[in-house]
Amino acid sequence: MKIILLGPPGAGKGTIAKALMAQDGSVQISTGDILRAAVAAGTELGKKAEAAMKAGDLVTDELIMGIMEERLLEDDCKQGYLLDGFPRTIPQAEALRALLARLGEKLDCALELDIPREVIIDRLTTRRTCSNCGEIYNVKSKPPKVEGVCDVCGSEIVQRDDETEEAIENRLEVYNEQTAPLVDFYRNEGLLVSVPTSDLEPVLAAINSRL
Ligand code: AMP
């Protein structure tokens, strides 16, 4: 499967990607995870991305396309991939279309998780993330077994810098302005599948009906 996951921050793209990955061996490619790892490692890429990320703004299309042009050529992409958090602007979507045409590859669909704003804000303010492996928790619905400690790798669980209320408001505004237009872009390409939920079963049913 080659799928784009669309939807605001907190819609459940990462969780759905992990479930789909377990199903058929596709690889999850999260530009947010790649950038956070670069920031943590203090690389040039991380230094360029850090301030925009902290504020909840987007990093430049050039930086993102530089990452993705390399990433999509790696061997593990041959089995299929789930693009989580990319593309996020029309220029990124156009650049991806051109890149895939060059590689002779086709997307199966763009899956939109269409989740109400109140649900998103509640989820993001209660979300916690493992500082090491990126496992996602929620203080209400999915707490770790031991408070503050990741069940998977034992590292510290933290609230992301961009999950303060101010940064969340900004990320949602950025989503509405810059990323939401991709829904129409992929509808026009005949690739859009839209579901009003992030529950796994209906999402899988919608994808399977499309494949
Ligand atoms: P995410 O984990 O997908 O919410 O991404 C976290 C942050 O990384 C975003 O708020 C942006 O600052 C940056 N980012 C991730 N993916 C992209 C992208 N495709 N284009 C621009 N910025 C991105």
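Cut-off values and rules
Residues numbered from 1 in each chain as written. Predicted model: local features only at pLDDT ≥ 70, side-chain atom pairs only at ≥ 80, totals over all residues. Heavy atoms only, no water. Pairing = 2+ DSSP bridges. Helix = DSSP H or I, 4+ residues; strand = E, 2+ residues; numbered from the N terminus. Axes fitted to C-alpha atoms, helices over the stretch in contact; angles between N-to-C directions. Contact = heavy atoms within 4.5 Å. Parallel < 35°, antiparallel > 145°, perpendicular 65-115°, else oblique. Left-handed = near helix turned anticlockwise from the far one by under 90°. Nonpolar A, V, L, I, M, F, W, Y, C, P; charged D, E, K, R; others polar. Buried < 20%, exposed > 50% of the residue type's maximum accessible area, 1.4 Å probe, protein only. Arc of directions from axis to C-beta. Core = buried A, V, L, I, M, F, W, Y, C linked by side-chain atoms within 4.5 Å. Near = heavy atom within 4 Å. Polar contact = N/O pair within 3.5 Å; in protein donor to acceptor, adjacent residues only side chain to side chain. Areas by Shrake-Rupley, 256 points an atom, 1.4 Å probe, with all protein chains shown as cover. Phe/Tyr/Trp six-rings, centres within 6.5 Å; stacked < 30°, edge-to-face > 60°.

Caption draft 1: A look at the sheet that holds strand β2 (residues 27–30). With parallel pairing, 5 strands are arranged side by side in an open sheet as β2-β3-β1-β4-β8. At either end of the open sheet lies a strand with only one pairing partner, and these are β2 and β8 (192–195). Shown here is a sheet whose adjacent strand axes are inclined to one another by a mean of 20°, direction ignored. Of the strands in this sheet, β2 and β3 (81–84) touch helix α2 (residues 31–41), which is tilted by about 60° from β2.

Caption draft 2: The packing of helix α6 (residues 117–125) against helix α7 (residues 165–179), seen in detail. Contact geometry for α6 and α7: axes closest at 11 Å, N-to-C directions at 140°. The orientation of α6 relative to α7 falls into the category oblique. Here α6 runs over α7; the crossing is right-handed. Facing α6, whose interface residues are Arg 117, Ile 120, Ile 121, Leu 124 and Thr 125, α7 presents Glu 165, Ile 168, Glu 169 and Leu 172. Of the residues belonging to the contact of α6 with α7, the class tally is 5 nonpolar, 1 polar and 3 charged.

Caption draft 3: Structural detail: the pairing of β3. Burial along β3 is two-sided: Tyr 81 and Leu 83 facing one way and Leu 82 and Asp 84 facing the other are all buried. With 4 bridges connecting them, strand β1 (residues 2–6) and β3 associate as parallel partners. When the bridges of β3 are listed, Lys 2 appears paired with Tyr 81. Across 4 bridges, β2 lies against β3 in parallel orientation. Of the residues in β3, the one forming a bridge with Val 27 is Tyr 81.

Caption draft 4: Seen up close, helix α8 (residues 181–188). Within α8 the residues assigned to the buried category are Leu 182, Val 183, Phe 185 and Tyr 186. Along the axis of α8, the buried positions cluster into a sector of 160°, meaning they face one direction only. Considering only its buried residues, α8 is in contact with β1, α5 (90–103), β4 (109–113), α7 and β8. Phi turns positive, to about 75°, at Gly 190, one or two residues after α8.

Caption draft 5: Structural detail: the nonpolar core. Core analysis: the largest hydrophobic core is formed by 31 residues, its most contacted members being Leu 72, Tyr 81, Leu 83, Leu 96 and Tyr 186. Top element by residues in this core is helix α4 (residues 61–71). It accounts for 5 residues. If you look at the next biggest cluster of nonpolar residues, it comprises 22 residues, including Ala 11, Leu 111, Ile 115 and Leu 204.

Caption draft 6: Geometry of the side chain of Glu 163. Mapped onto the elements, Glu 163 comes out in the loop between β7 (157–158) and α7. Discounting chain neighbours no more than four positions away, the residues touching Glu 163 are Leu 124, Arg 127, Ile 168 and Arg 171.

Caption draft 7: How the structure looks around the site of the ligand. Around the ligand, a shell composed of 16 residues is seen, among which Thr 31, Arg 36, Asp 57, Gly 85 and Gln 92 lie nearest. For the ligand, an oxygen atom lies 3.1 Å from a polar atom in the side chain of Arg 171. For the ligand, whose free accessible area comes to 480 Å², the fraction covered by protein is 96%. It is α2 that contributes the most residues to the shell around the ligand, 4 residues altogether. Tallied by class, the residues present in the shell around the ligand amount to 6 nonpolar, 4 polar and 6 charged.

Caption draft 8: Focus on the sheet that holds β7. Read from one edge to the other, the open sheet built from 3 strands follows the order β6-β5-β7, with strand pairing classed as antiparallel. Each having just a single partner strand, β6 (136–138) and β7 make up the two edges of the open sheet.

Caption draft 9: Local environment of the packing of α7 against α8. Close contact between α7 and α8 brings their axes to 5 Å; oriented N to C, the two are set at 35°. Along the contact surface, α7 presents Asn 176, Glu 177, Gln 178 and Thr 179, while α8 presents Pro 181, Leu 182 and Val 183. Looking at the contact of α7 with α8 residue by residue, the class counts come to 3 nonpolar, 3 polar and 1 charged.

Caption draft 10: Fine view of the packing of aromatic side chains. Overall, the coordinates contain 1 aromatic pair when judged by the stated rule. Centroid distance Phe 185 to Tyr 186: 4.9 Å. Interplanar angle 80°. Geometry classified as edge-to-face. Owing to a relative accessible area of 12%, Phe 185 belongs among the buried residues under this scheme.

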